[in-house]
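Observations on chain architecture
For reference, the chains in residue letters:
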Amino acid sequence: MIRDEAREERRQRAVESLGIVESGHEDRLDRVTRVARAVFGVPMSSVTVMDHERALYVGRAGFDDPESARTDTPCSLVTDSGEIITTDDARADPRFAHLGAFRDNDLGFYVGHPLRDGSGNVVGSFCLMDAEPRQLSDDEMAEFRDLAAWAQVELLADADASAARSTQQALLPAAPLEVEGVRVEGICLPSLSVGGDYYDYGLVGRFVHVAVGDVMGKGVGAAIIGSSVRAACRAASPHVGAARELGLAVDRIERAVQTDLQRTGTFVTYFHAVLDLDTDELSFVDAGSGLSIIVRADGTVQHLAGTGLPLGLDEQQQHVTETTRLGVGDQLIVMSDGVLDVLDDESDWAREVGRLAARPHADGADEPGLLQSMATLTHRRLSRDDVTVVVMDRRA
């Protein structure tokens, strides 16, 4: 009994470390089960992971239920034993007598293969189910093992992607910044598990910094470059003690990542702004971004245009610092180009974003509302690119 409890505790820790509960089923796992149905001519197949008292069908074909009680599926026999479980006729097999869902659906055939994590812990099962009793031939069993190996690879890949996404999100600011009537917050919504967008903000002395970078491309490679830009930005920002020094700071950021950009054949659009809390002066450098605006207190929209090229295209360029003011009731909004995919009018994006930002203020709401609006649009319209939005709101 003690051994069983220890084994179950190890299995549960393994499932939690994979992040399966949070990530849910993925298309790749569903594809494995669809192929299994076609190859073996069975009505149902699943990739099942056990979580405490639940069986989570993270990949499934032939049925819709995302989960069931752990005691209702024969996959629990697989995870408990760590062995292939099969039966010629489940209706006459005492091991299946207590499985309510299996019995209620009058299923007669089952074969399940254990799925393991990188340390060898059994975390789930890949299975086939049929209404009629049957036997797999030796050749069919060999093919079933191959499909189970594929399911295990995809399960671990899904877990790796979930872990990478969690790591990237953890590098973003953990909470909004609020200081002397200024509130800064942002969202980053990758089109894949991880993305090439990056944003950061913080307070350095009497200066509020906001930075947004967009690496050409998507996925893990872009995310690695984005992390390099983040590190360079954090190293350079503390040296900005006056507006004229911002351009020099962006020069240093570009030099720090220039070699990486050249070797990977990529570039980064980058926007960096600094608000002086004592003078309300907003200094900014735009390196090929062109997607930043100020929504004034009266609802008018000012486009912050820059002349710089993206980082990585011209190692000799010197970044020019532009200046304006951010008064009470004004909002600075900085975006990546993925936003253009989710708006109604790509050519008149500044006016549309301005309306979304100004509407909650007109209604007397406490929160700006723009970030939630962008998140909703991104989810609804399935952006093909990463979507990042940062808002600096001067409230007092």
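Summary of the structure given here.

What counts and how
Residues numbered from 1 in each chain as written. Predicted model: local features only at pLDDT ≥ 70, side-chain atom pairs only at ≥ 80, totals over all residues. Heavy atoms only, no water. Helix = DSSP H or I, 4+ residues; strand = E, 2+ residues; numbered from the N terminus. Buried < 20%, exposed > 50% of the residue type's maximum accessible area, 1.4 Å probe, protein only. Contact = heavy atoms within 4.5 Å. Areas by Shrake-Rupley, 256 points an atom, 1.4 Å probe, with all protein chains shown as cover. Pairing = 2+ DSSP bridges. Core = buried A, V, L, I, M, F, W, Y, C linked by side-chain atoms within 4.5 Å. Expected span 1.5 Å × (residues − 1). Arc of directions from axis to C-beta. Disulfide = S-S within 2.5 Å. Salt bridge = Lys/Arg side-chain N within 4 Å of Asp/Glu carboxyl O.

Within the protein chain one finds 10 helices and 17 strands. Out of the 396 residues belonging to the protein chain, those deemed buried represent 52%. In the protein chain, the share of contacts with a sequence separation of at least 24, taken over all contacts with a separation of at least 6, comes to 67%. On the protein chain, roughly 18300 Å² of surface is accessible, and the fraction owed to carbon and sulfur atoms is 49%.

The next point concerns the pairing of strand E13 (residues 292-295). Sheet faces and side chains relate simply in a regular strand, where the side chains alternate between the two faces. Covered by surrounding structure in E13 are Ser 292 and Ile 294 together with Ile 293 and Val 295, the residues of both alternating faces. Pairing analysis gives 4 bridges linking E13 to strand E16 (residues 331-335), with the strands arranged antiparallel. From the neighbouring strand, Ser 292 faces E16, where its bridge partner is Val 334. Between E13 and the antiparallel strand that follows it, strand E14 (residues 301-303), lie 5 residues; Gly 299 among them carries a positive phi value of about 95 degrees.

Here we come to the environment of Gly 213. Assignment of secondary structure puts Gly 213 in strand E10 (residues 207-215). Of the residues examined, Gly 213 reaches a relative accessible area of 2% and is grouped as buried. Residues Gly 213 and Gly 196 lie 17 residues apart in sequence; the distance between their C-alpha atoms is 8.1 Å.

For the rest of this paragraph, the subject is the nonpolar core. Core analysis: the biggest nonpolar cluster contains 24 residues, and Val 184, Val 208, Leu 275, Leu 282, Leu 332 and Met 392 have the highest contact counts within it. Elements with a contribution of two residues or more to this core: strand E7 (177-179), strand E8 (182-189), strand E9 (197-204), E10, strand E11 (268-276), strand E12 (281-287), E16 and strand E17 (387-394). Leave out the neighbours within four places in its chain, and Val 208 touches Leu 177, Val 179, Val 184, Gly 202, Leu 203, Ala 273, Val 274, Leu 275, Leu 277 and Met 392. Of all hydrophobic cores here, the second largest spans 23 residues; its members include Ala 232, Ala 236, Ala 249 and Tyr 270.

Across its 12 residues, helix H10 (residues 370-381) extends 16 Å between first and last C-alpha, which sits within 8% of the 16 Å expected from 1.5 Å per residue. Inspection of H10 places Leu 370, Leu 371, Met 374, Leu 377 and Thr 378 among the buried residues, and these make up the whole buried set. End-on, the buried residues of H10 take up no more than an arc of 125 degrees, which puts them together on one face. Away from its buried face by more than 90 degrees, H10 exposes Gln 372, His 379 and Arg 380.

Our focus in this paragraph is the side chain of His 209. Topologically, His 209 is positioned in strand E10. Not counting residues within four places of it along the chain, the set of residues in contact with His 209 comprises Asp 200, Tyr 201, Gly 202, Val 204, Ser 237, Val 240, His 272, Ala 273 and Val 274.

On to the pairing of strand E1 (residues 44-51), then. Counting buried positions along E1 gives 8 out of 8 residues, so the element sits mostly inside the fold. Of the two faces of E1, the one holding Met 44, Ser 46, Thr 48 and Met 50 and the one holding Ser 45, Val 47, Val 49 and Asp 51 are both buried throughout. Across 6 bridges, E1 lies against strand E6 (residues 122-130) in antiparallel orientation. Pairing of Ser 46 across the sheet is with Cys 127, part of E6.

On inspection of all chains with the given rule, the structure shows 0 disulfides. No disulfide involves Cys 127; its sulfur sits 3.8 Å from the nearest other cysteine sulfur, which is in Cys 75.

It is worth spelling out the pattern of salt bridges at this point. If you walk through the whole model with that rule in mind, you get 16 salt bridges. The shortest N-O distance in the salt bridge between Glu 140 and Arg 134 comes to 3.7 Å. Between Arg 234 and Asp 200 there is a salt bridge whose closest N-O contact spans 2.6 Å. A residue pair is termed long-range when its members are at least 10 positions apart, and Arg 234 in helix H7 (residues 219-236) and Asp 200 in strand E9 qualify at 34 residues. Here Arg 234 falls in the partly exposed class, since its relative accessible area comes to 43%. Taken together, the shared-partner salt bridges in this structure form one network comprising Asp 130, Arg 134 and Glu 140.

Read these as spatial facts, not as claims about activity.
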